[in-house]
Amino acid sequence: MNDCLFCKIIAGEIPSSKVYEDDQVFAFRDINPQAPVHVLVVPKEHISSLNEVTAENAGAAAACLRAIPAIAAAEGLADGYRVITNCGADAGQTVMHLHFHLIGGRKLGEKIV
Ligand code: 5GP
Ligand code: ZN
């Protein structure tokens with residue numbers, strides 16, 4: 001996926017502030033943070049969005065979820081955090097590489113669910 005911004009970040013072709021990496025997962029700070037901690041957790045395998053998760057690649061998506069508690073703990077989010085994935089136009093997805101926003105570090109308001 002030559003044209004994908006997050007694939008380029010994972011490959012190190014575009015610089016990012018990395019906070020975590022394992023064989024399946026890459027996590028880095030959002031360039032436009034919405035809270036004191038705003039990390040993007042992405043699978044190294046290119047998956048365009050939650051809509052493209054299949055039986056074959058679900059392990060890569062699940063690896064992101066498995067990594068999140070450890071990332072949250074390392075970021076000092078002992079009092080809680082929020083995880084969001086935007087899927088598609090109505091949700092405002094702007095980068096078509098599956099990513100989980102890990103947000104915290106302050107009292108989060110405006111719950112929509
Ligand atoms: P979405 O709107 O697709 O759910 O989230 C995309 C996120 O990627 C946004 O929060 C945006 O700030 C972040 N983002 C866009 N371009 C870059 C970049 O070049 N580097 C980093 N670290 N984050 C980016
Ligand atoms: Zn990608």
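Our subject is the structure listed above.
All of the points below concern the structure found in this document.

Criteria and thresholds
Residues numbered from 1 in each chain as written. Chains lettered and ligands numbered in written order. Predicted model: local features only at pLDDT ≥ 70, side-chain atom pairs only at ≥ 80, totals over all residues. Heavy atoms only, no water. Salt bridge = Lys/Arg side-chain N within 4 Å of Asp/Glu carboxyl O. Helix = DSSP H or I, 4+ residues; strand = E, 2+ residues; numbered from the N terminus. Buried < 20%, exposed > 50% of the residue type's maximum accessible area, 1.4 Å probe, protein only. Donors = N, O, S within 2.8 Å, 3.2 Å for Na, K, Ca; no water. Phe/Tyr/Trp six-rings, centres within 6.5 Å; stacked < 30°, edge-to-face > 60°. Near = heavy atom within 4 Å. Polar contact = N/O pair within 3.5 Å; in protein donor to acceptor, adjacent residues only side chain to side chain. Nonpolar A, V, L, I, M, F, W, Y, C, P; charged D, E, K, R; others polar.

Pairing of side chains with opposite charge becomes possible as their charged atoms draw close. Applying the stated criterion to the full structure yields three salt bridges. With a closest N to O distance of 2.8 Å, Lys44 and Glu21 form a salt bridge. Of the two residues, Lys44 sits in the loop between β3 (37-43) and α2 (58-74) while Glu21 sits in strand β1 (residues 18-21), which places them 23 residues apart along the sequence. Owing to a relative accessible area of 27%, Lys44 belongs among the partly exposed residues under this scheme. Each of Lys18, Glu21 and Lys44 takes part in salt bridges that share partners, so that together they form one network.

Turning our eyes to something else, we now look at the coordination of the zinc ion (ligand 2). Here the zinc ion (ligand 2) is held by the protein donor atoms Cys4 (SG), Cys7 (SG), His46 (ND1) and His97 (ND1), which lie 2.0 to 2.3 Å from it. On the primary sequence, the residues serving as donors to the zinc ion (ligand 2) are separated as C-x2-C-x38-H-x50-H. On the criterion of sequence distance, the pair formed by Cys7 in helix α1 (residues 5-11) and His46 in the loop between β3 and α2 is long-range, its members being 39 residues apart.

Going through the model one piece at a time under the given rule, you end up with two aromatic pairs. Relative to Phe28, the ring of Phe6 has its centre 5.3 Å away and its plane inclined at 80 degrees; by these criteria the two rings are edge-to-face. Taken together, the residues Phe6 in helix α1 and Phe28 in strand β2 (residues 25-29) connect sequence positions 22 residues apart. Accessibility expressed as a relative area gives 5% for Phe6, which makes it buried. Classification of Phe28 by relative accessible area gives buried; the value is 2%.

This part takes up the site of ligand 1. Neighbouring ligand 1 are 16 residues; Arg29, Asp30, Asn86, Thr94 and His101 lie closest to it. In this structure, a nitrogen atom belonging to ligand 1 sits 3.3 Å away from a main-chain N or O atom of Ile31. Within the side chain of His101, one N or O atom sits 2.8 Å away from an oxygen atom of ligand 1. Listed by contribution, the elements that provide at least two residues to the shell around ligand 1 are α1 and β2. Element by element, the count of residues in the shell around ligand 1 is highest for α1, at three residues. Taken together, the residues of the shell around ligand 1 sort by class into seven nonpolar, seven polar and two charged.

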